Amino acid sequence: MQIFDRTLSGIIAAFLLWLGSLSAAAAPTVYRSPQDALEQGIGAYNGGYYEIAIPALKYAADAHLFLAPYYLARIYSDNNTSHTDHAKAFELYKKLAAEHTDVDPDDFQRAPYVAKAMTQIAGYLLTGLPEVGLKPNARIAVEYLREAAQFFRDEDAQFELAKLFLRGEGIESDVPYAKHWLSVLSQKGHAGAQAFLADLLWRGKYMEANPVRALALISVAVANAPPYERVWIEDIYQNIYCGTGQGIRKQATGLVADWRTRYGRKPDLNDRSGLHELSAHASRTCSNGDRVPFETFASKTSEQDAAAATAAAPARLSGDPQLVVKGSAAGPSLRDVGATLSAPAQK
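Predicted model, so just to flag it, every value in this text is computed and none were measured. All residue numbers refer to position in the chain's written sequence, counted from 1. A pLDDT threshold of at least 70 governs which residues receive local features in this predicted model, and a stricter bar of 80 or more applies before side-chain atom pairs are shown or counted, although totals over entire chains, interfaces and linings include all residues. As a rule here, side-chain values cover all heavy atoms of the structure and leave hydrogens and water aside.

**Notes on the overall build of the protein**
Comment: elements are numbered from the N terminus, with helices defined as DSSP H or I runs of at least four residues and strands as E runs of at least two. For the protein, the helix and strand inventory stands at 15 helices and zero strands. Working definition: with a 1.4 Å probe on protein chains only, accessible area under 20% of the residue-type maximum means buried, over 50% means exposed, and in between means partly exposed. The 347 residues of the protein split such that 43% are buried. Whether two residues are in contact is decided by their heavy atoms: any pair within 4.5 Å suffices. In the protein, the share of contacts with a sequence separation of at least 24, taken over all contacts with a separation of at least 6, comes to 60%. Per element, the accessible surface of the protein, about 17900 Å² overall, is 55% carbon and sulfur. Every accessible area reported is derived by Shrake-Rupley at a probe size of 1.4 Å, with residue values counting cover from the shown protein chains alone.

Below is the structure:
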């Protein structure tokens, strides 16, 4: 009987301990302050731990801390997680933009986030969002992008606006203006603009085809691309690389070396997934079996070969004087695209 009593007591004690652990797990996290919750939430977001970030950011948002709703919206708008909720994201972005329309564009603690919110709203307006009854409206999307691009000087908004001007979507088509902004953004190191412009140069759309420049520019874009932009940029790179022969690749070598220095940008290595070590380039091959290299051409050649290719680059492009008139001794620059803006658009 005593053995039974001891056994029963042990079972009850274990059960009570189990209940206690459940209660502890279910207990809400206690934050020292709303600011502490915000910092924990952003840290968890940056690490990809959304299940930890969400309650912390909600706590901070309830205390009306500015950044909390923005990061919550970023989580809800991420299509690669189980927390995706575009309806919530849209409402948070819309509220953030509406409440801070009068923010000073030089207020670097708030203005960049308001601009990003406007750009995200424009994206929803372009595609529509059935969950909230939002129908596509390119005209209003353009207004949001104008505000973010011109007033807040947001590069992503400028890029999206340039694409709309190019297609004439929601706004009257203005190809020279679009090409101007793609060129300006590419010079600033915007990987998306560089990849988009490289694709136009490759296909000869809206401008004369130039495979050497296309390959050089997309190579720079791949090096600049943050992890969350890599897939589509690498798709363009693969298409251009596999479509060129050894001659074009050799000609591009000097430009890659020069443009990496002039138009390179250290990428944002924060991929928001917590899996940065897995974000290396995927192995890609051309249809003929050739491997698609992601290392810079310049790293594969000697300094002498790169110098020779660089010196020869202007001569190889001399078929179009406008493309070399503003080039340096190291070859033509991205500003040369602007030199041809007055030429008739090729569609």
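**Looking at the packing of helix α2 (residues 34–47) against helix α4 (residues 67–76)**
For the pair α2 and α4, interaxial distance at closest approach is 10 Å and the crossing angle is 25°. The orientation of α2 with respect to α4, classified from their angle, is roughly parallel. In this structure, the crossing between α2 and α4 has a hand that is left-handed. Only L67, A68, Y71, R74 and I75 of α4 make contact with α2, whose side of the interface consists of L38, I42 and Y45. Residues are sorted three ways: Asp, Glu, Lys and Arg are charged, Ala, Val, Leu, Ile, Met, Phe, Trp, Tyr, Cys and Pro are nonpolar, and all the rest, Gly among them, are polar. A class-by-class count of the residues in the contact of α2 with α4 yields seven nonpolar, no polar and one charged. Between the N-to-C directions of two axes lies an angle of 0 to 180 degrees, each axis being a line fitted to C-alpha atoms and, for a helix, fitted only over the stretch in contact. Each angle gets one of four labels, with under 35 degrees taken as roughly parallel, over 145 as roughly antiparallel, 65 to 115 as roughly perpendicular, and the rest as oblique. Note on convention: near helix rotated counterclockwise from far helix by under a right angle means a left-handed crossing. Clockwise means right-handed.

**With respect to the state of the cysteines**
Pairs of cysteine sulfur atoms within 2.5 Å are identified as disulfides in what follows. Inspection of the entire model under this criterion finds one disulfide. Here C242 pairs with C286 through a disulfide, and the sulfurs are 2.0 Å apart. Taking the torsion about the sulfur-sulfur bond, which here is approximately -85°, the covalent link between C242 and C286 counts as left-handed. One end of the pair, C242, is in helix α12 (residues 230–243); the other, C286, is in the loop between α13 (246–263) and α14 (303–316), and 44 residues separate them in sequence.

**Thoughts on the nonpolar core**
To define a nonpolar core, start from buried Ala, Val, Leu, Ile, Met, Phe, Trp, Tyr and Cys residues and group those joined through side-chain atoms within 4.5 Å. Core analysis: the largest hydrophobic core is formed by 89 residues, its most contacted members being L57, Y93, L182, I218, I233 and Y237. Every residue in contact with L182, bar those within four places of it in the chain, is listed here: F159, A162, A193, F196, L197 and L200.

**Re helix α8 (residues 155–167)**
To estimate how far a helix should extend, the number of its residues minus one is multiplied by 1.5 Å. Spanning 13 residues, α8 covers 19 Å between terminal C-alpha atoms, matching the ideal 18 Å at 1.5 Å per step. If you check which residues of α8 are buried, you get A157, Q158, F159, L161, A162, K163, L164, F165 and L166. Where α8 is buried, its residues meet α6 (111–127), α7 (138–151), α9 (175–187), α10 (191–203) and α12. Here a polar contact means two N or O atoms within 3.5 Å. Within protein one must be a hydrogen donor candidate and the other an acceptor candidate, and residues neighboring in sequence count only if both atoms are side-chain atoms. The opening residue of α8, the one whose side-chain oxygen lies 3.2 Å from the backbone nitrogen of D156, is D154. Phi for G168, located one or two positions after α8, is positive at around 70°.

**What about helix α11 (residues 211–224)?**
Taking 1.5 Å per residue, 14 residues should reach 20 Å; α11 reaches 20 Å between its end C-alpha atoms and fits that length. Counted residue by residue, α11 has twelve buried out of 14 residues, so it is predominantly covered. Those residues of α11 that fall on the buried side of the exposure criterion are V212, R213, A214, L215, A216, L217, I218, S219, V220, A221, V222 and N224.

**Considerations on the environment of R203**
Within the element layout of this structure, R203 appears in helix α10. Residue R203 is classed as partly exposed on the basis of its relative accessible area, which comes to 46%. Put simply, R203 and I240 are 37 residues apart on the chain and 9.3 Å apart in space, counted from C-alpha to C-alpha. Polar side-chain contacts of R203 include one of 2.9 Å to the side chain of D199.

**Thoughts on the pattern of salt bridges**
Any Lys or Arg side-chain nitrogen found within 4 Å of a carboxyl oxygen on Asp or Glu counts as a salt bridge. With the rule as written, the count across this model stands at 14 salt bridges. Across the salt bridge formed by D36 and R32, the nearest N and O atoms sit 3.1 Å from each other. A relative accessible area of 75% places R32 in the exposed class. Between K163 and E160 there is a salt bridge, with the nearest N and O atoms lying 3.3 Å from each other. Here E160 and K163 lie together in helix α8, a separation of three residues that amounts to about one turn. Overlapping salt bridges, with partners in common, bring together K116, D154 and D156 in one network.

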